[in-house]
Amino acid sequence: QVQLVESGGGLVQAGGSLRLSCAASSSSTIASVGAMGWYRQAPGKQRELVADIRSEGSANYADSVKGRFTISRDNAKNTVYLQMNSLKPEDTAVYYCNARIRLVFSGPRDYWGQGTQVTVSS
């Protein structure tokens with residue numbers, strides 16, 4: 001079993017910053033961690049990709065966050081980060097961490113965190 005534990009959400013004024021973290025852990029041995037990413041879901045809307053990052057460091061961003069958000073990862077800690085600057089009220093959503101993880105003797109699977117609320121006030 002794999003756990004993705006998120007932290008760093010909260011309430012911030014427009015123009016402010018937050019940094020989200022997501023650490024992957026397992027009672028079994030993790031053989032490899034592939035792409036890691038952040039998604040978000042606002043009330044009444046579908047879950048959407050915010051940013052993802054490959055194990056070698058290449059990243060992909062939604063157009064709405066380019067230039068404001070930066071995704072990074074620490075492979076030694078199986079942790080992914082999302083630095084969010086110049087936040088806007090429309091960034092308000094529950095943010096979910098996602099990771100493709102392969103345990104020893106298993107094939108790769110996608111795992112999700114429990115979600116962390118980000119609220120940006122105007």
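Note: the structure precedes this text.
For every chain, the first residue of the written sequence is number 1, and numbering continues from 1 onward in sequence order. In keeping with the predicted nature of the model, local features appear solely for residues at pLDDT of at least 70, side-chain atom pairs appear and are counted solely at 80 or more, and the whole-chain, interface and lining totals rest on all residues. The basis for every side-chain value is the complete set of heavy atoms in the structure, and neither hydrogens nor water enter the calculation.

### A few points about the environment of Ser-55
Next up, step 1: Position of Ser-55 relative to the elements: it lies in the loop between strand S5 (48-53) and strand S6 (59-61).
Next up, step 2: Among the residues examined, Ser-55 registers a relative accessible area of 39% and is labelled partly exposed.
Next up, step 3: For Ser-55 and Asn-75, which are 20 residues apart along the polypeptide, the C-alpha to C-alpha distance reads 7.4 Å.
Next up, step 4: Sequence-distant contacts of Ser-55, defined by excluding residues within four places in its chain, comprise Val-33, Gly-34, Arg-73 and Asn-75. Each helix is a run of DSSP H or I of at least 4 residues and each strand a run of E of at least 2, with the numbering of both proceeding from the N terminus. For each residue, the accessible area found with a 1.4 Å probe, counting protein chains only, is set against the maximum for its type, and the residue is called buried under 20%, exposed over 50%, and partly exposed in between. Working rule for contacts: check all heavy atoms of both residues, and any pair within 4.5 Å makes them a contact.

### Observations concerning the nonpolar core
Considering soluble globular proteins, one finds that nonpolar side chains tend to be buried as a cluster.
Next up, step 1: Put simply, a nonpolar core is a bunch of buried Ala, Val, Leu, Ile, Met, Phe, Trp, Tyr and Cys residues held in one set by side-chain atoms that sit within 4.5 Å of each other. Among the nonpolar cores identified, the biggest contains 31 residues, and Leu-4, Trp-38, Leu-82, Met-84, Tyr-95 and Ile-101 are the most heavily contacted of them.
Next up, step 2: Secondary structure elements with two or more residues in this core: strand S1 (2-7), strand S3 (18-26), strand S4 (30-41), S5, strand S7 (69-74), strand S8 (79-84), strand S9 (93-103) and strand S11 (116-121).
Next up, step 3: Ranked by residues supplied to this core, first place goes to S9 with six residues.

### Digging into the state of the cysteines
A covalent bond between the sulfur atoms of two cysteines is what we call a disulfide.
Next up, step 1: Note on disulfides: each one is a pair of cysteine sulfur atoms within 2.5 Å. Enumeration according to the criterion identifies one disulfide in this entry.
Next up, step 2: Each disulfide pairs two cysteine sulfurs, and for Cys-22 the partner residue is Cys-97, the sulfurs being separated by 2.1 Å. Handedness here is read from the sign of the S-S torsion; for Cys-22 and Cys-97, about -80°, the answer is left-handed. Linking Cys-22 in strand S3 with Cys-97 in strand S9, this pair joins segments that are 75 residues apart in sequence. For the residue pair Cys-22 and Cys-97, the accessibility class agrees, reading buried in each case.

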